[in-house]
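The chain contents come next:
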Amino acid sequence: MKIDLTPYDPKRRYLIGVSGGRDSVALLHLLLEAGCKRLIVCHLDHHLRGRASRADAAFVERLAKRHGLEMVTGRADVTAIAKKKRISIETAAREARYDFFAATARGKKCRTLFLAHHADDQVETFLFNLFRGAGAAGLGAMRPETRRKINGVELLILRPLLGVWRTEIDAYIAAQRMKFREDATNAGTIPLRNRMRHEIIPALEKWFGREIRKSVWRTAEILTAENDWLAGMIPAPACELSVAELRKMPVARQRRVIHAWLKLMKAPDAGFDEIESVRSLLPESAKAAKVNLPGDLHARRRAKKIFMESGK
C-alpha cells in the first residue's frame, strides 16, 4: 500500500482519530512508520455498543501506551443527542466526534487532525448524498486536506487514505499481522451506510455487470473540482439572507447561496428538500413565514430577511 506521507513533518504534533477499527489502526501504523512520534490519539466512546464500546476504548488505550503516545478519551451519549436534536444516529455520532476533536484540539493546542477515511468511504458518501437528493455542492468528494471551524476552533483535517481502497487496507493489516477491533454493527444492514456497503453497491455492480466503485470515485473527484470553481463565484453568506437579493438571482444561484447559509447555520443534513423549504419563503405570495428544518431548527422570514431560529 503506497501512501505519500512526506508532506507531513514528523517532528510536529498531530491529533489522530482512532476508533480501534482496521482503517484507523492502519493509518496510525503508517504514520508511526513515517516517523511521526508525537501523535495524540483521540478516541470517543459513542455509548452505542455497551460493553463492546468500553472494550474498544481499552484496546486503543493499550495501543497508544505500547507506542508511547499520548491519548485523550471522550464519551458522548449519541442516542440521547439524536433524540434531543431530532437527527439520525449517524449524524449525531458525526457531530459528537467533531465536537470532541475540536475540544481536544483546543485543550492540547494542536489544530491538525488525521482521519482514516478511504476511497470506499468516498464512494459510499457520494451515493448516500446522491440518493438523499444533494446537488453538485453535496456530491463533491472529501478532500485530502480540509479546514473546518467547529465551536470556534479551526481544524486542519488530513485524510491521506482517500485514494486507498478497503481491500488494500485489509491486505496491509494482514501482511503486518495487526490486531484491531471489529465493530459488529458494520456487518449489519440497519444503518443506511451499512446497507449501502453490503446491499446497494453490490446490487448495482450485479446489475451493471462490473465494478462501479472506481467510476463513482472518479465522478466525485470531478464534481469536487467543478464545485470549487463554482463556489468561488458565491460570496460567503451572512447570518441573515436578504429576500430581495435572493429574488433577483437565478434558481441555481439561490440554491447555492441557501446551501452555504444552511451550512453556516449548522443545519444538519442540508439537502434538496431543506433548500427548497427555505426557497418557499421567497415569493411575495408565500403564506408561510417559517419552515421547519432538521435539528429542531426553523428558518423564518421577517422584515425582508431570512434568519435561523432554534426550537430549544
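That block above? That's the structure.
Residues numbered from 1 in each chain as written. Predicted model: local features only at pLDDT ≥ 70, side-chain atom pairs only at ≥ 80, totals over all residues. Heavy atoms only, no water.

Colleague: Please provide a residue-by-residue account of the overall build of the protein, values included.
Modeller: Helix and strand content of the protein: 12 helices and 10 strands. At 21 Å, the protein has a C-alpha radius of gyration in line with the 20 Å of a compact globule built from 312 residues. Expressed as a percentage of the 312 residues in the protein, the buried residues total 44%. Taking the intrachain contacts of the protein between residues at least 6 apart in sequence as the baseline, contacts between residues at least 24 apart amount to 66%. When the accessible surface of the protein is split by element, carbon and sulfur atoms take 53% of a total near 17,000 Å². Here the protein carries 58 positive and 36 negative side-chain charges, and the mean point of each set is 4 Å from the other. (Helix = DSSP H or I, 4+ residues; strand = E, 2+ residues; numbered from the N terminus. Rg over C-alpha atoms; globule rule 2.2 N^0.38 Å. Buried < 20%, exposed > 50% of the residue type's maximum accessible area, 1.4 Å probe, protein only. Contact = heavy atoms within 4.5 Å. Areas by Shrake-Rupley, 256 points an atom, 1.4 Å probe, with all protein chains shown as cover. Lys, Arg positive; Asp, Glu negative; His and termini not counted. Charge placed at Lys NZ, Arg CZ, Asp CG, Glu CD.)

Colleague: Tell me about helix 4 (residues 89–108), and name the residues and values.
Modeller: Under the 1.5 Å per step criterion, the end-to-end length of helix 4 is 28 Å for 20 residues, consistent within 8% with the ideal 28 Å. At the exit of helix 4 stands K109, carrying a positive phi of roughly 55°. (Expected span 1.5 Å × (residues − 1).)

Colleague: Explain the nonpolar core to me, using residue names and the numbers behind them.
Modeller: Counting 30 residues, the largest nonpolar core has I16, L28, L31, L39, V41 and F114 as its most contacted members. Residue assignment for this core shows that the elements contributing at least two residues are strand 1 (14–17), helix 1 (22–33), strand 2 (39–45), helix 2 (51–66), strand 6 (153–158) and helix 7 (166–176). Here L28 is in contact with I16, L39, V41, L63 and L69, once residues within four sequence places are set aside. Grouped together as the second largest cluster of nonpolar side chains are 24 residues, I40, V78, A82 and C110 included. (Core = buried A, V, L, I, M, F, W, Y, C linked by side-chain atoms within 4.5 Å.)

Colleague: Lay out the pattern of salt bridges with the relevant residues and their values.
Modeller: With the rule as written, the count across this model stands at 18 salt bridges. Between R213 and D120 there is a salt bridge, and its shortest N-O distance comes to 3.3 Å. Of this pair, R213 sits in helix 9 (residues 213–231) while D120 sits in helix 5 (residues 119–132); the two residues are 93 residues apart in sequence, bridging distant segments of the chain. There is no split in this pair, since R213 and D120 are both buried. Of the charged contacts, one joins R300 and E309 as a salt bridge, the two residues approaching to 2.9 Å between their closest N and O atoms. For R300, a relative accessible area of 22% puts it in the partly exposed group. Linked by salt bridges that have partners in common, D120, E124, R166, R197, E205 and R213 make up one network. (Salt bridge = Lys/Arg side-chain N within 4 Å of Asp/Glu carboxyl O.)

Colleague: How would you sum up the pairing of strand 6? Please name residues and give values.
Modeller: With respect to burial, strand 6 is a largely interior element, five of its six residues being buried. As judged from the three bridges shared by strand 4 (residues 112–114) and strand 6, these two strands associate in the parallel manner. If you follow L113 over to strand 6, its bridge partner there is I157. The pairing of strand 5 (residues 145–150) with strand 6 spans six bridges and is classified as antiparallel. (Pairing = 2+ DSSP bridges.)

Colleague: Talk me through unusual backbone geometry; I want residue IDs and the actual numbers.
Modeller: Excluding glycine, most residues fall at negative phi; most peptide bonds, likewise, are trans. One non-glycine residue with positive phi stands out, namely R177, at about 50°. Its location among the elements puts R177 in the loop between helix 7 and helix 8 (192–208). Judged by its relative accessible area of 76%, R177 falls in the exposed class. The phi torsion at D296 lies on the positive side, around 60°, for a residue other than glycine. Relative to the helices and strands, D296 is located in the loop between strand 8 (290–293) and strand 9 (297–302). The exposure class of D296 is buried, given its relative accessible area of 16%.

Colleague: Explain the environment of L31 residue by residue, including any values.
Modeller: For L31, the position within the fold is in helix 1. Residues L31 and Y8 lie 23 residues apart in sequence; the distance between their C-alpha atoms is 9.3 Å. Not counting chain neighbours up to four residues away, the residues in contact with L31 comprise L5, I16, C36, L39 and F114.

Colleague: Describe the state of the cysteines, listing the residues and the values that go with them.
Modeller: The tally for this structure, following the rule as stated, stands at zero disulfides. Here C36 is not disulfide-linked; the sulfur of C110 is the nearest cysteine sulfur, at 11 Å. (Disulfide = S-S within 2.5 Å.)

Colleague: Could you give me a rundown of the packing of helix 1 against helix 7, with the residues and numbers involved?
Modeller: Orientation of helix 1 relative to helix 7, taken along the N-to-C sense of each, is 65°, at an axis distance of 10 Å. Taken as a pair, helix 1 and helix 7 cross one another with a handedness that is left-handed. Contacts from R22, D23, V25, A26, H29, L30 and E33 of helix 1 reach helix 7 at I169, D170, Y172, I173 and Q176. The residue inventory of the contact of helix 1 with helix 7, partitioned by class, reads six nonpolar, two polar and four charged. (Axes fitted to C-alpha atoms, helices over the stretch in contact; angles between N-to-C directions. Left-handed = near helix turned anticlockwise from the far one by under 90°. Nonpolar A, V, L, I, M, F, W, Y, C, P; charged D, E, K, R; others polar.)

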